[in-house]
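Per-entry structural report
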Amino acid sequence: MRIAFIAVTALILLGTGAAAAQEISIDYSKADFAHFKTYAWASGHSVADESLNQSIVRSIDGQLSTKGLTKVSPGEDPDVLVSYDVVFDRDICGMGFRDGLRNLRWRSGSKYVLMGMLVVNLLDSGTGAMVWRGMASGVVDANASPEKHDKKIHEVVQKIFRSYPPKE
């Protein structure tokens, strides 16, 4: 259970200590975002660890609230449905360094790094069409404390929502 928690948490961290490697991208359709006033959570993917899931949901709820959307239950006919997905994989990273000032030698090698992606989706509840998607990806620090995990989740979700609603 602890390994699963660390892996999933690491995925969400998306670059603790490696902010420069973090990449944010947005995709959206030609929708009238001014008419989206309410949202509800769609059933779908979530993280197995409930406290981590709640941290992601709280961060997304907070950002949607600051953007002027009000959370309602799915039965109250929301304007958009919200979901998120988390994906992670290992990648090989090359590394090297010089040893000493006079004895210049290049040592090279590689190591595995954990890469993660958080995807937030907004769907038009009437048509089911995707209207907005925000994605964050980058190198993940699996050794961060739970407090840093929560802080990083909030920062990443905040960065994702900087471009919502899209300006044309």
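Residues numbered from 1 in each chain as written. Predicted model: local features only at pLDDT ≥ 70, side-chain atom pairs only at ≥ 80, totals over all residues. Heavy atoms only, no water.

When its secondary structure is counted, the protein chain shows three helices and six strands. For the protein chain, the proportion of its 168 residues judged to be buried stands at 35%. Across the protein chain, contacts joining residues at least 24 apart in sequence account for 76% of those joining residues at least 6 apart. Entry remark: accessible area of the protein chain is about 9,900 Å², with carbon and sulfur atoms responsible for 53%. (Helix = DSSP H or I, 4+ residues; strand = E, 2+ residues; numbered from the N terminus. Buried < 20%, exposed > 50% of the residue type's maximum accessible area, 1.4 Å probe, protein only. Contact = heavy atoms within 4.5 Å. Areas by Shrake-Rupley, 256 points an atom, 1.4 Å probe, with all protein chains shown as cover.)

A word on the pattern of salt bridges. For the structure on display, the rule yields two salt bridges. A salt bridge links K71 to D61, with the nearest nitrogen and oxygen atoms 3.4 Å apart. Of this pair, K71 sits in strand β3 (residues 70–71) while D61 sits in helix α2 (residues 50–66), and the two are ten residues apart along the sequence. Here K71 falls in the partly exposed class, since its relative accessible area comes to 46%. (Salt bridge = Lys/Arg side-chain N within 4 Å of Asp/Glu carboxyl O.)

The next thing to look at is α2. Since there are 3.6 residues in each turn of an α-helix, residues three or four apart along the chain are aligned in direction. With 17 residues, α2 ought to run about 24 Å at 1.5 Å a step, and its terminal C-alpha atoms sit 24 Å apart, in line with that. When α2 is considered as a whole, its buried residues turn out to be L52, N53, S55, I56, V57, S59, I60, D61, Q63 and L64. Immediately beyond the C-terminal end of α2, within one or two residues, lies G68, with a positive phi of roughly 95°. (Expected span 1.5 Å × (residues − 1).)

In this structure, I60, W132 and F161 are the most contacted members of the largest nonpolar core, which totals 26 residues. Every element with two or more residues in this core is listed here: β2 (38–41), α2, β4 (80–98), β5 (106–124), β6 (130–140) and α3 (146–160). The element contributing the most residues to this core is α2, with five residues. Filtering out sequence-adjacent residues up to four positions away, F161 remains in contact with I60, Q63, L64, K67, V120 and W132. (Core = buried A, V, L, I, M, F, W, Y, C linked by side-chain atoms within 4.5 Å.)

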